[in-house]
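# Per-entry structural report
Chain by chain, the residues run as shown.
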Amino acid sequence: LFLTIEKAFPLLFRFMLCSMVIYCGFLLCGWIVFGPYHTKFETLSSTSDCLFSLINGDDMYATFSNLQTDVFYIWLASQIYLLSFISLFIYVVLSLSITLIIDGYETVKV
């Protein structure tokens, strides 16, 4: 286990650093654009809590349903924002993190 962590850590650290830049971009975008329309996006920390819970799969329905507004452009932007964030972080970032750990294991195994 420790050899796997030792081999995977440098690649995983660099990848997570790049992922945090993308996460911060989504964080600022959600706070600035959707802050006036949704209580979960009012502050920077509540926006971070909301995005982190979306990565974990918690509270997805409530977040989508509470972003219903009368302004069509805000509703459309919120749907695109949330769907792109969820698909990017759940399907791409988490899968690549697992792949880097498995690659470290394969290196140690041989």
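Now for a look at the structure at hand. Predicted model, so just to flag it, every value in this text is computed and none were measured. (Residues numbered from 1 in each chain as written. Predicted model: local features only at pLDDT ≥ 70, side-chain atom pairs only at ≥ 80, totals over all residues. Heavy atoms only, no water.)

All right, on to the pattern of salt bridges then. Overall, the coordinates contain one salt bridge when judged by the stated rule. Asp 59 serves as the salt-bridge partner of Lys 40, at 2.2 Å between the closest nitrogen and oxygen. Residue Lys 40 is located in the loop between helix H1 (2-34) and helix H2 (44-55), and its partner Asp 59 is located in the loop between H2 and helix H3 (60-66); the two are separated by 19 residues in the primary sequence. Classification of Lys 40 by relative accessible area gives buried; the value is 19%. For Asp 59, a relative accessible area of 39% translates into the label partly exposed. (Salt bridge = Lys/Arg side-chain N within 4 Å of Asp/Glu carboxyl O. Helix = DSSP H or I, 4+ residues; strand = E, 2+ residues; numbered from the N terminus. Buried < 20%, exposed > 50% of the residue type's maximum accessible area, 1.4 Å probe, protein only.)

The axis of H1 is deflected most strongly, by about 45°, at Phe 9, and proline Pro 10 appears within four residues downstream. For H1, the set of buried residues is Thr 4, Ala 8, Phe 15, Ser 19, Tyr 23, Phe 26, Leu 27, Gly 30 and Phe 34. Of the surrounding elements, those touching the buried residues of H1 are H2 and helix H4 (72-109). (Bend = angle between axes of the 7 residues up to and from the residue. Contact = heavy atoms within 4.5 Å.)

With that settled, the discussion passes to H2. Between its first and last C-alpha, H2 extends 17 Å over 12 residues, near the 16 Å set by a 1.5 Å rise per residue. Restricting attention to buried positions, one finds in H2 the residues Ser 46, Thr 47, Cys 50, Leu 51, Ser 53, Leu 54 and Ile 55. Packing partners of the buried residues in H2 comprise H1, H3 and H4. Within two residues after H2, Gly 57 carries a phi angle of roughly 90°, on the positive side. (Expected span 1.5 Å × (residues − 1).)

Direction vectors running N to C along H1 and H2 enclose 125°, while the axes themselves pass 9 Å from each other. One element, H1, and the other, H2, form an angle in the oblique class. As for how H1 packs across H2, the hand of that crossing is right-handed. In this structure, H1 contributes Tyr 23, Phe 26, Leu 27, Leu 28, Gly 30 and Trp 31 to the contact, and H2 contributes Leu 44, Thr 47, Ser 48, Leu 51, Phe 52 and Ile 55. (Axes fitted to C-alpha atoms, helices over the stretch in contact; angles between N-to-C directions. Parallel < 35°, antiparallel > 145°, perpendicular 65-115°, else oblique. Left-handed = near helix turned anticlockwise from the far one by under 90°.)

Moving on, we get to the side chain of Ser 53. If you trace the backbone, Ser 53 turns up in helix H2. Using a relative accessible area of 16% as the deciding quantity, one classes Ser 53 as buried. A distance of 2.8 Å separates the side chain of Ser 53 from the backbone oxygen of Cys 50, its partner in a polar contact. (Polar contact = N/O pair within 3.5 Å; in protein donor to acceptor, adjacent residues only side chain to side chain.)

In short, shape yes, function no, at least from these values alone.
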